[in-house]
Structures are given as structure tokens and as C-alpha cells.
Amino acid sequence: MTVKSLEKQYIINTYNRQPEATLLLKRGEGVYVWDESGNRYLDFVSGLAVNNLGHCHPAVVEAINCQAQKLMHTSNLYYTEPQVRLAEALVTHSSANKVFFCNSGAEANEAAIKLARKFGKQNRGEGAYEIITAERSFHGRTLAAVTATGQPKYHQGFEPMVSGFRYGKFNDLKSFETLINENTCAILVEPVQGEGGIYPATQEFLAGLRKLCDEHKLLLMFDEVQCGVGRTGKFLACEHYGVEPDVYTLAKALGGGLPIGAMGARGNAADVLVPGDHASTFGGNPVTCAAANAVLQAILADQFLPRVEQLGHYFTEKLRELDYPGIVEVRGLGLMIGLEINGDGAAVAKACQEKGLLINCIGGKILRFIPPLVVDEEQIDAAVTVVQQALSALN
Ligand SMILES: *Cc1c(COP(=O)(O)O)cnc(C)c1O
């Protein structure tokens, strides 16, 4: 049996894999992956904004190897050093005072939602458990995280949803303000919306949310799962805005390819959860934390993030120079870029794959570019050339 037929027989069918079109990948190195036939692809999907240092970064591989030989798992009944070192690094490089570890983005948001509910009860009253999130947002697939996700298509078939979520219009401060009442405990948004189509927040919106939260004693929570860990050219995307959240969540790129999630909390928010309130068997696992420590060391090294910002400008300019009449908009922040077209985005992504470039299409019309942050100008040029060919072939 081949891998593809085994997949069809044994894996629950939740991913829209098409046997002819879906690659079977065997190996990765830096910005490249290789399929079963040895074809090489320039990978501008990066495992969905996970492989920010590229595939199999030597420092991450070394950290994993080294830790795996010493101690792989202990549970949180015991202390381990990689976990506290990672927490220390996150606190040093963000507004958080303390951190909670889990295993994914959805889980990090679940932790934030629980924290916000408890904060609401303690500070605003028994009924204060409503969280305002944004339309077009994405916060994960567990029941509370998917309810927080402001896209009806992800709710369909799973009703009743978790109670206590309301949805404002992203970048429309007024629409959030009108949803605040005595039952509200927090506002949760992505500083740059990812799965919803790559929409950066405006300065006015994020700063305005901070002000609203301060005035009404609400928690401001940022989901940095996709836009964090250097993706936009700052460690956290909110740094571009100079707006500090009370709570933020990370996952995706944090573990360099291993599954990890984290929630950072500052001030009073850091003391809301107490022993027995929340837990994760694997949370803060020494191997994933060792990998994450190696990731942070590389991303926070001198000149790494300014280079990402510079590459983001370079890439955005190149995409703006594309010759195709159906371009609606090029938008993004750093190396998180969306190209919206009036045309069949899925066909463009497929044509790019055939020419050796992996990109991903969201919502049928938005091409998402989330390359490894270690990409260079030549590789960006090569990608843009392929995208141009694919767009030209549409007409
Ligand atoms: C991917 C993503 C999540 C969910 O992360 P998982 O690890 O898949 O649970 C949550 N929020 C945002 C912004 C994401 O991009």
C-alpha cells in the first residue's frame, strides 16, 4: 500500500487532500522541501507559519537531540530547566510577567478564555463572562476556540456553540465599543488576522481597544499564534503598534516544528489562575521547550528581526509590481503577506506547485505568503517569477 492509500483508509477525513495534487514530502532543509520523487520545492507555506527558521534548522535539531538524550518528559509534578528558561525568555522579550505552557494555538486560547472568565467574575461580577472577538478571526478548532473564531462556516454542524462570545468588525472600534456591557470580561483579537485573509490591524483600532479595555476594566488579549515569533519583523506583532496586551497567546513557530503553545499574562492577569485551575500533561515538555529556546535564541539574535522587516518590504514591493489586471490588494506585515486577486486563487497555488513553489490559498481568492524568515532576496525573486507565470497563465 502507498502512503496516500493508507491515509485514505486509516485517517479521519478532515483534510481536503487530493491524491493527485497533494504532495508526499520526505525531507526539508532551510527554505526547501523534497517530495517522494526527489522534486525540490521552495516552501513559502512553512508548515503554516511554523518553520520560521526553515526546515531542520541545525540549532533546533541539536537542541532536540541533546534534550531527548537526557530527559523527554516528566509531567508538571516536577521542575525542569528548559521550561523555566523558556518562560524567562518570553517574559524578558514581551510585556508578560508570567507564562502558561500547553501544546497548540487552540489550547493557548482556551487558557486565555478561562483566565478571562475568572478575571471577569473576580473583577466585574458573576455574569461577566462575555468575550468580544472579531469577525473573520481565527482562534482554533476546540469548542471554545472555534466559538471565539468569528467565521460561521467553522461553527456549522457543531452547535450549540459555547455561550459568551460576541463579534465585532475588525478595525472598526465603534462596533467593538457598542458590544461592551456589564457582562463583558475581555476583548480577543489577532493583531494581524491570518486565516481570515491577512488583514493587519490599524494603529487606531489596537490603540483604541487598549483604551476601551482600560476604561471598562477588561482584559485585552492578543492572539499572536500566527503573527508572533518574528513573523512580522518584531518578536510580537503588537510591538509594531506599541500596544501591550494583558494576555497574549503563541504557538505555531514557537517550537521550531514541535508542538507547543504558550499564554503570557501581565500584571493582575498573571495571578488569576491558581493551582488546580488549569493544567496540561505535556505543557512545557522539556524537549519542546528546548527546541523553543533554540528558536528564540536565533530569532532574537542581533539583526535577525530588522532583516525580516526589510525582506517583508522587499517582497511586498515585488508583489505590487506583478503584471496582472485582477490584483485587488497586496497587504500584510513583515513576512506575512496576502495577495488578493479577482480570479481562481486555488488554480494559481496549484500552478505554482507544479513549477516548484509552495504557497497556500485562503478563501479562494487570497494567496498567502508566509516563507521561512531565513529566506533571501534571490529566493523571493524566484517565487515572484513563478507567481507571475501562474497569474499570466490564468488569462
Ligand atoms: C493556527 C492558529 C490557531 C490555532 O492553532 P492550532 O495550533 O492549530 O490549534 C489559533 N490562532 C491563530 C491566529 C492561528 O493562526
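Everything quoted here is computed from the prediction, not taken from an experiment. (Residues numbered from 1 in each chain as written. Predicted model: local features only at pLDDT ≥ 70, side-chain atom pairs only at ≥ 80, totals over all residues. Heavy atoms only, no water.)

Undergrad: Help me understand the sheet that holds strand S12 (residues 261-265), please; the structure alone is not making it clear to me.
TA: With mixed pairing, the seven strands of this open sheet are ordered in space as S4-S12-S11-S10-S7-S5-S6. Looking at which strands have only one partner, the edges of the open sheet turn out to be strand S4 (98-102) and strand S6 (165-168). Going from strand to strand, the sheet's axes swing by 20 degrees on average, the running direction of each strand aside. Along the sheet, helix H4 (residues 81-92) makes contact with S4, strand S11 (247-250) and S12, crossing S4 at roughly 130 degrees. (Pairing = 2+ DSSP bridges. Helix = DSSP H or I, 4+ residues; strand = E, 2+ residues; numbered from the N terminus. Axes fitted to C-alpha atoms, helices over the stretch in contact; angles between N-to-C directions. Contact = heavy atoms within 4.5 Å.)

Undergrad: I'm lost on the nonpolar core in this one. Help?
TA: Soluble globular proteins tend to pack their nonpolar side chains together in the buried interior. With 93 residues, the main nonpolar core has Phe44, Leu90, Ile187, Val189 and Phe369 as its most contacted residues. Counting only domains with at least three residues in this core, you end up with domain 1 (3-56 + 305-394) and domain 2 (59-299). The contacts of Phe369, once residues within four sequence positions are left out, are Phe44, Phe315, Leu319, Leu335, Met336, Ile337, Leu339, Ile359 and Val387. Core analysis: the next-biggest nonpolar cluster, separate from the first, contains 24 residues, Cys102, Phe119, Val247 and Ala265 among them. (Core = buried A, V, L, I, M, F, W, Y, C linked by side-chain atoms within 4.5 Å. Buried < 20%, exposed > 50% of the residue type's maximum accessible area, 1.4 Å probe, protein only. Domains from an automatic or database assignment.)

Undergrad: Which parts of the structure should I look at to understand helix H10 (residues 304-320)?
TA: An α-helical turn contains 3.6 residues, so a residue and the one three or four places further along point in the same direction. For H10, spanning 17 residues, the distance from its first C-alpha to its last is 25 Å, which sits close to the expected 24 Å at 1.5 Å a residue. Of all the positions in H10, only Phe304, Leu305, Val308, Leu311, Gly312, Phe315, Thr316 and Leu319 are classed as buried. Take H10 and look down its axis: the buried residues cluster within an arc of 135 degrees, on one side only. On the buried face of H10, the contacting elements are helix H9 (286-299), strand S13 (327-333), strand S14 (336-341), strand S17 (366-369) and helix H12 (377-392). (Expected span 1.5 Å × (residues − 1). Arc of directions from axis to C-beta.)

Undergrad: Looking at this structure, how should I read the site of the ligand?
TA: Around the ligand, a shell composed of 13 residues is seen, among which Gly105, Ala106, Asp223, Gln226 and Lys252 lie nearest. One nitrogen or oxygen atom from the main chain of Gly105 is found 2.8 Å from an oxygen atom belonging to the ligand. In this structure, a nitrogen atom belonging to the ligand sits 2.7 Å away from a side-chain N or O atom of Asp223. Relative to its unbound accessible area of 380 Å², the ligand is 81% covered by the protein chains. Here the element with the most residues in the shell around the ligand is helix H5 (residues 105-123); it accounts for three residues. Considered class by class, the residues forming the shell around the ligand number three nonpolar, six polar and four charged. (Near = heavy atom within 4 Å. Polar contact = N/O pair within 3.5 Å; in protein donor to acceptor, adjacent residues only side chain to side chain. Areas by Shrake-Rupley, 256 points an atom, 1.4 Å probe, with all protein chains shown as cover. Nonpolar A, V, L, I, M, F, W, Y, C, P; charged D, E, K, R; others polar.)

Undergrad: Sorry, what's going on with the side chain of Ser46 here?
TA: Mapping Ser46 onto the fold places it in helix H2 (residues 46-49). Ignoring any residue separated from it by four or fewer positions in sequence, one finds Ser46 in contact with Asn51, Arg231, Ile370, Pro371 and Pro372.

Undergrad: Can you help me understand the sheet that holds strand S2 (residues 32-35) in this one?
TA: Each strand in a sheet pairs with its neighbour through backbone hydrogen bonds, running either in the same direction (parallel) or in the opposite one (antiparallel). Pairing is mixed across the open sheet formed by four strands, whose spatial order is S1-S2-S3-S15. Where the open sheet ends on each side, the last strands, each with one partner, are strand S1 (25-29) and strand S15 (357-358). In the sheet, S2 pairs with strand S3 (residues 40-43) via three bridges, with the strands oriented antiparallel. Among the inter-strand pairings, Trp34 is bridged to a residue of S3, identified as Arg40.

Undergrad: Can you help me understand the packing of aromatic side chains in this one?
TA: Each aromatic ring pair is summarised here by two numbers: the centre-to-centre distance and the angle between the ring planes. Enumeration according to the criterion identifies six aromatic pairs in this entry. Geometrically, the ring pair formed by Phe170 and Phe205 is edge-to-face, given 5.3 Å between the ring centres and 65 degrees between the ring planes. Taken together, the positions of Phe170 in the loop between S6 and helix H7 (173-177) and Phe205 in helix H8 (residues 203-216) put the pair 35 residues apart, joining distant regions of the chain. Classification of Phe170 as buried rests on a relative accessible area of 10%. (Phe/Tyr/Trp six-rings, centres within 6.5 Å; stacked < 30°, edge-to-face > 60°.)

Undergrad: How should I be thinking about unusual backbone geometry in this particular structure?
TA: One can expect most non-glycine residues to show negative phi and most peptide bonds to be in trans. With an omega of 0 degrees, the peptide bond running from Glu159 to Pro160 counts as cis. Located in the positive-phi region is Cys56, a residue other than glycine, with phi close to 50 degrees. Despite not being glycine, Asn171 has its phi angle at roughly 65 degrees, a positive value. Turning to its location among the elements, Asn171 is positioned in the loop between S6 and H7.

Undergrad: Sorry, what's going on with the environment of Ile299 here?
TA: Topologically, Ile299 is positioned in helix H9. Judged by its relative accessible area of 0%, Ile299 falls in the buried class. Between the C-alpha atom of Ile299 and that of Glu7, which follows or precedes it by 292 residues, the distance is 35 Å. When sequence neighbours within four positions are dropped, the list of residues in contact with Ile299 reads Asn52, Leu53, Val229, Gly230, Phe304, Leu305 and Leu373.

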